[in-house]
Amino acid sequence: MEGEAIPSEMNPASGSLSLPPKPKFEPLTAHEMSEGRVQFRKVSVPPHRYSPLKKAWMDIYTPVYEQMKIDIRMNLKARKVELKTRHDTPDISNLQKCADFVHAFMLGFDVIDAIALLRLDELYVESFEIKDVKTLRGEHLSRAIGRLSGKGGKTKFAIENATKTRIVIADTKIHILGSFANIKVARDSLCSLILGSPAGKVYSKLRAVTARLAERF
């Protein structure tokens, strides 16, 4: 049985076959990609962050609602900040970015620093405890925390400026906000201080490492 011949249109100008026009499809919206389902995220609010959250609420609300197109509200009963997607949310990843932004604020970062998580994709927060590096108790632990901050926070600021990161020291927990490579350099410096290295030695090593990073980029 012979196959049927499919009629094709001839282009009289060139004498060649003309193909049918390529179909054009509009890109799917984030709402259509999730099949119309609303997605949620919840971020717990620690008791000591209630007052800062109340003061900075409009600074957090404005970029999340107006720029990222994500609904946000404070659930006082559950003590959580709730986020959900909307019909006009341009990208489904915006929900996770906003959750990371709010979580970073709850950890103790300033809104100005945490908002970088909404703007840049390669930033994230890493957390660890002093006991993860070395088991310290009593005065030894207090001295280690003192070495991390330095006089008037000098050591912490020096590490932040050299590595382009932001560091929060909350009791025995340490949170670092930055890119992967910069977090690694900052973490190595903080671990050296915890293990007992003097600040001067850490500074000189930091200068060498940051100079190498600058050459790489």
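Residues numbered from 1 in each chain as written. Predicted model: local features only at pLDDT ≥ 70, side-chain atom pairs only at ≥ 80, totals over all residues. Heavy atoms only, no water.

A. Seen up close, the pairing of strand β3 (residues 80–85). Judged from the 5 bridges that link them, strand β1 (residues 40–44) and β3 form a sheet pairing that is antiparallel. Paired with Lys-42 across the bridge in β3 is Glu-82. Examined bridge by bridge, strand β2 (residues 70–75) and β3 share 6 bridges and lie antiparallel to one another. Residue pairing across strands places Arg-73 opposite Glu-82, the latter belonging to β3. (Pairing = 2+ DSSP bridges. Helix = DSSP H or I, 4+ residues; strand = E, 2+ residues; numbered from the N terminus.)

B. View of unusual backbone geometry. Here the phi dihedral of Arg-79 falls at roughly 60 degrees; this positive angle occurs in a residue that is not glycine. Relative to the elements of secondary structure, Arg-79 occurs in the loop between β2 and β3. Phi is positive for Asp-171, which is not a glycine, with a value near 60 degrees. In this structure, Asp-171 sits in the loop between β5 (166–170) and β6 (173–178). On the accessibility criterion, Asp-171 (61% relative accessible area) is exposed. (Buried < 20%, exposed > 50% of the residue type's maximum accessible area, 1.4 Å probe, protein only.)

C. The arrangement of the sheet that holds β3 in detail. Taken in spatial order, the 3 strands make up an open sheet running β1-β3-β2, and their pairing is antiparallel. Strands with a single pairing partner mark the edges of an open sheet, and in this sheet they are β1 and β2. Taking each pair of neighbouring strands and ignoring which way they run, the sheet shows an average axis angle of 20 degrees. Across the sheet, helix α3 (residues 57–67) lies against β2 and β3, angled at about 150 degrees from β2, the strand it touches most. Strand contacts of helix α4 (residues 93–107): β1, β2 and β3, with the helix running at about 5 degrees to β1, the strand carrying the most contacts. (Axes fitted to C-alpha atoms, helices over the stretch in contact; angles between N-to-C directions. Contact = heavy atoms within 4.5 Å.)

D. A look at the nonpolar core. In terms of nonpolar packing, the biggest core is built from 28 residues, with Ile-60, Leu-83, Phe-101, Val-102 and Met-106 touching the most fellow members. Non-local contacts of Leu-83, meaning those with residues more than four positions away in its chain, are made with Gln-39, Phe-40, Arg-41, Val-43, Val-64, Ile-70, Asp-71, Ile-72, Leu-95, Cys-98 and Ala-99. By size, the runner-up hydrophobic cluster in this structure holds 20 residues, among which are Phe-128, Ala-144, Leu-148 and Leu-193. (Core = buried A, V, L, I, M, F, W, Y, C linked by side-chain atoms within 4.5 Å.)

E. Quick look at the packing of aromatic side chains. The tally for this structure, following the rule as stated, stands at 2 aromatic pairs. When the centroid spacing of 6.4 Å and the interplanar angle of 35 degrees are considered together, the rings of Trp-57 and Tyr-61 count as tilted. Linking Trp-57 with Tyr-61, this pair stays in helix α3, spanning 4 residues, or about one helical turn. Taken together, a centroid distance of 5.3 Å and an interplanar angle of 10 degrees make the contact between Tyr-61 and Tyr-65 stacked. With Tyr-61 and Tyr-65 both in helix α3, this residue pair falls 4 residues apart, about one helical turn. (Phe/Tyr/Trp six-rings, centres within 6.5 Å; stacked < 30°, edge-to-face > 60°.)

F. A look at helix α10 (residues 180–194). An ideal rise of 1.5 Å per residue puts 21 Å on 15 residues; α10 measures up with 21 Å between its terminal C-alpha atoms. The complete set of buried residues in α10 reads Asn-182, Ile-183, Val-185, Ala-186, Ser-189, Leu-190, Cys-191, Ser-192, Leu-193 and Ile-194. Just past α10, the residue Gly-196 takes up positive phi, approximately 110 degrees. (Expected span 1.5 Å × (residues − 1).)

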